[in-house]
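Remarks on the overall topology
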Amino acid sequence: MSHLPVSVIIVSRGRPAALIRCLAGLSQQFYPTFEVIVVADPPGVAAVELGPYATSVKLVKFDEPNISKARNLGIAHAAGDIVAFIDDDAVPEPTWLGHLSAPFLSDAEVGAAGGFVRGRNGISFQWKARCFAQTGKTTDLNLQGTQPVVLHPTPERAIKTEGTNMALRRDVIASMGGFDPAFRYYLDETDVNMRLARNSVATAIVPLAEVHHGYHANSIRNSNRAPRDLFEIGASLAVFLRKHCAEQEHAQVWKSFQADQRKRALEFMVAGDLEPRDVRRLMSRLREGYKDGHMRDLESLPPISRSAEGLLPFGAHPDPHPVQLSGRFWSRRRLREEARSLVEAGKVVSLFLFSPTSLYHRVTFTSAGFWEQTGGIFGRSDRDQPLFRLTSFARRLRAEKLRVADQRRLFDE
């Protein structure tokens, strides 16, 4: 099967350890032709330069809190036909690039693609398929099965892709001028989606193109997702409405948005993660940002030129035959050491550790570079399952292996 060359772009700010973990996940991609472009602040740059990926990534220094400008720098350095985006606090499944890039090869109409995003427990989904209107409000799409679905937007309703798991034809996004720098944080990819819709560009939703997103802390939120500052969120909403929404709808959208943000802040306050004064400060900052967003320039975006740099292949390709280890939780030390050794030998490893309990399951990509799933033999993995299911270790292992078989190539010989 032929493959399109892909440039994976990571923007990193204030999270050097997460960045290295993301790069470790990318190093295990079962995809033959891709490069990685890291656009990072000084701590991120230092982490890459001192780490194992120093010579295998294109490293772009950028120390400004503007994700759109950073992504545009990545596009400017991209040599691939496709540019894919992932956040520094995310890790892709080993087949991510293969699944995400496939629709571009099979359908010339496809200009963008987005995959599914799993949350912190590694099992539940943060996002699947969504669309949105000119107000920016999203609606879930009920897509069946695991095969890619090509969707055609309208000027009033666009197909949503998430910035931590999306791809675009480089020529398409570059000719559009890339991401709008007026969106320093929040709604940056949503603006791109709406501009794609106005140009009738088809978007593929690819369920099996999965990444795990950790929601690590940044200047906008804490690690528990409690907001630290709402200024840029308010500013981006104002810019989005000015660009895409009828003026007579602005007041109602803004009123509803404020109510939603206040409700969210109060929920964190009730949980003990914010104090009453934090809620007042956050809402004040939201209003200040909204006012600032009305003063930002809405300039035309010039096309992004292609760099003379060629494609820089990323790292060594992993062994195409993944390994699955399993055992009871009391054998975890031995099995983890075995998994670590296999990773060092170039293998992609999935480790299943079950206890004779009904504990919930959790999936993590460890610092040693292997996938680990822990939980009780009788507990649930998918949060829609019963709290307790009577089964054997072998049957449970078979079920969990099947659940991730397409993402990890865990197929029985």
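Placed above this text is the structure.
So, a few notes on the structure that sits alongside this text. This is a predicted model, so every value here is computed, not measured.

1. Overview of the environment of Val-206
Position of Val-206 among the secondary structure elements: in strand β13 (residues 202-213). By relative accessible area, Val-206 is classed as buried at 2%. For the pair formed by Val-206 and Ala-129, sequence separation is 77 residues and the distance between their alpha carbons is 8.8 Å. For Val-206, the residues in contact, after removing those within four places along its chain, are His-99, Leu-100, Pro-103, Ala-113, Gly-114, Gly-115, Phe-116 and Pro-148.

2. Comments concerning the sheet that holds strand β17 (residues 371-376)
As summarised here, the arrangement of the 4 strands in space is β14-β15-β17-β16, forming an open sheet in which the pairing is mixed. Because the sheet does not close on itself, it has two edges, and the strands there are β14 (323-328) and β16 (362-365). Strand-to-strand twist across the sheet, computed as the mean angle between neighbouring axes with direction ignored, equals 15°. By the bridge criterion, 4 bridges tie β16 to β17 in an arrangement that is antiparallel. When the bridges of β17 are listed, Arg-362 appears paired with Thr-374. Its contacts with the sheet put helix α11 (residues 393-403) on β14, β15 (349-355), β16 and β17, and the angle it makes with β15 is roughly 140°.

3. Observations regarding helix α10 (residues 332-344)
For an α-helix, 3.6 residues make a turn, and residues three or four places apart therefore share a direction. Helix length check: α10 (13 residues) gives 18 Å between terminal C-alpha atoms against 18 Å at 1.5 Å per residue, within 8%. Every buried residue of α10 is listed here: Leu-335, Ala-339, Leu-342 and Val-343. Here the buried residues of α10 occupy an arc of 100° about the axis, which is enough to place them on one side. Residues of α10 that are exposed and angled more than 90 degrees away from the buried face: Arg-333, Arg-334 and Glu-344.

4. Section: a nonpolar patch on the surface
The grouping of Tyr-360, Leu-387, Phe-388 and Leu-390 at the surface amounts to a nonpolar patch, some 470 Å² of accessible area in total. Here Tyr-360 lies in the loop between β15 and β16. Residue Tyr-360 is classed as partly exposed on the basis of its relative accessible area, which comes to 40%.

5. Considerations on the packing of helix α7 (residues 231-244) against helix α9 (residues 276-293)
Running from N to C, α7 and α9 cross one another at 35°; their axes reach a closest spacing of 6 Å. As α7 runs across α9, the sense of the crossing is right-handed. For the pair formed by α7 and α9, the contact residues are Phe-231, Ile-233, Gly-234, Ala-235, Leu-237, Ala-238, Val-239, Leu-241 and Arg-242 on the first element and Arg-285, Leu-286, Glu-288, Gly-289, Tyr-290, Asp-292 and Gly-293 on the second. Class assignment for the residues of the contact of α7 with α9 results in 9 nonpolar, 3 polar and 4 charged.

6. Structural notes on the packing of α7 against helix α8 (residues 250-270)
One way to put it is that α7 packs onto α8 with a least axis distance of 11 Å and a crossing angle of 155°. As far as their axial angle goes, α8 and α7 are roughly antiparallel. In the packing of α7 onto α8, the handedness of the crossing is right-handed. Each of Ile-233, Leu-237, Leu-241 and Arg-242 in α7 lies in contact with α8, whose residues at this interface are His-250, Val-253, Trp-254, Phe-257 and Arg-264. When the residues that make up the contact of α7 with α8 are grouped by side-chain class, the tally is 6 nonpolar, 1 polar and 2 charged.

7. Side note on the side chain of Glu-35
Mapped onto the secondary structure, Glu-35 falls in strand β2 (residues 34-40). Of note is the side chain of Glu-35, whose polar atom sits 2.9 Å from the side chain of Lys-58. In terms of polar contacts, Glu-35 uses its side chain to reach the backbone amide nitrogen of Leu-312, at 2.9 Å. Once you skip the residues sitting within four places of it in the chain, Glu-35 turns out to touch Val-6, Ser-7, Val-8, Lys-58, His-77, Ala-78, Ala-79, Gly-80, Gly-310, Leu-311, Leu-312 and Phe-314.

8. Observations concerning unusual backbone geometry
Across the chain, the bulk of peptide bonds are trans and the bulk of non-glycine residues have phi less than zero. Here the phi dihedral of Arg-225 falls at roughly 75°; this positive angle occurs in a residue that is not glycine. Take Arg-225: it is sitting in the loop between β13 and α7. Overall, Arg-225 belongs to the partly exposed group, its relative accessible area being 40%. For Arg-409, which is not a glycine, the phi torsion comes out positive at approximately 60°. Tracing the chain through its elements places Arg-409 in the segment after α12 (405-408). A relative accessible area of 35% means that Arg-409 is categorised as partly exposed.

9. Let's talk about the nonpolar core
Soluble globular proteins tend to pack their nonpolar side chains together in the buried interior. Membership of the largest hydrophobic core comes to 42 residues, with the highest contact counts inside it found for Val-8, Ile-10, Leu-23, Leu-26, Val-36, Val-38 and Trp-96. When residues of this core are assigned to their parent elements, the largest contribution, 5 residues, is made by helix α1 (residues 16-26). Here Trp-96 is in contact with Val-8, Leu-26, Gln-29, Ala-84, Phe-85, Ile-86, Asn-165, Ala-209, Glu-210 and Val-211, once residues within four sequence places are set aside. Counting residues in hydrophobic clusters, the runner-up holds 28 residues, among them Met-194, Leu-237, Phe-240 and Val-253.

Conventions adopted
- Residues numbered from 1 in each chain as written.
- Predicted model: local features only at pLDDT ≥ 70, side-chain atom pairs only at ≥ 80, totals over all residues.
- Heavy atoms only, no water.
- Helix = DSSP H or I, 4+ residues; strand = E, 2+ residues; numbered from the N terminus.
- Buried < 20%, exposed > 50% of the residue type's maximum accessible area, 1.4 Å probe, protein only.
- Contact = heavy atoms within 4.5 Å.
- Pairing = 2+ DSSP bridges.
- Axes fitted to C-alpha atoms, helices over the stretch in contact; angles between N-to-C directions.
- Expected span 1.5 Å × (residues − 1).
- Arc of directions from axis to C-beta.
- Patch = residues over 30% accessible without salt bridge, like charges linked within 9 Å, V, L, I, M, F, W, Y side chains within 5 Å.
- Areas by Shrake-Rupley, 256 points an atom, 1.4 Å probe, with all protein chains shown as cover.
- Salt bridge = Lys/Arg side-chain N within 4 Å of Asp/Glu carboxyl O.
- Left-handed = near helix turned anticlockwise from the far one by under 90°.
- Nonpolar A, V, L, I, M, F, W, Y, C, P; charged D, E, K, R; others polar.
- Parallel < 35°, antiparallel > 145°, perpendicular 65-115°, else oblique.
- Polar contact = N/O pair within 3.5 Å; in protein donor to acceptor, adjacent residues only side chain to side chain.
- Core = buried A, V, L, I, M, F, W, Y, C linked by side-chain atoms within 4.5 Å.

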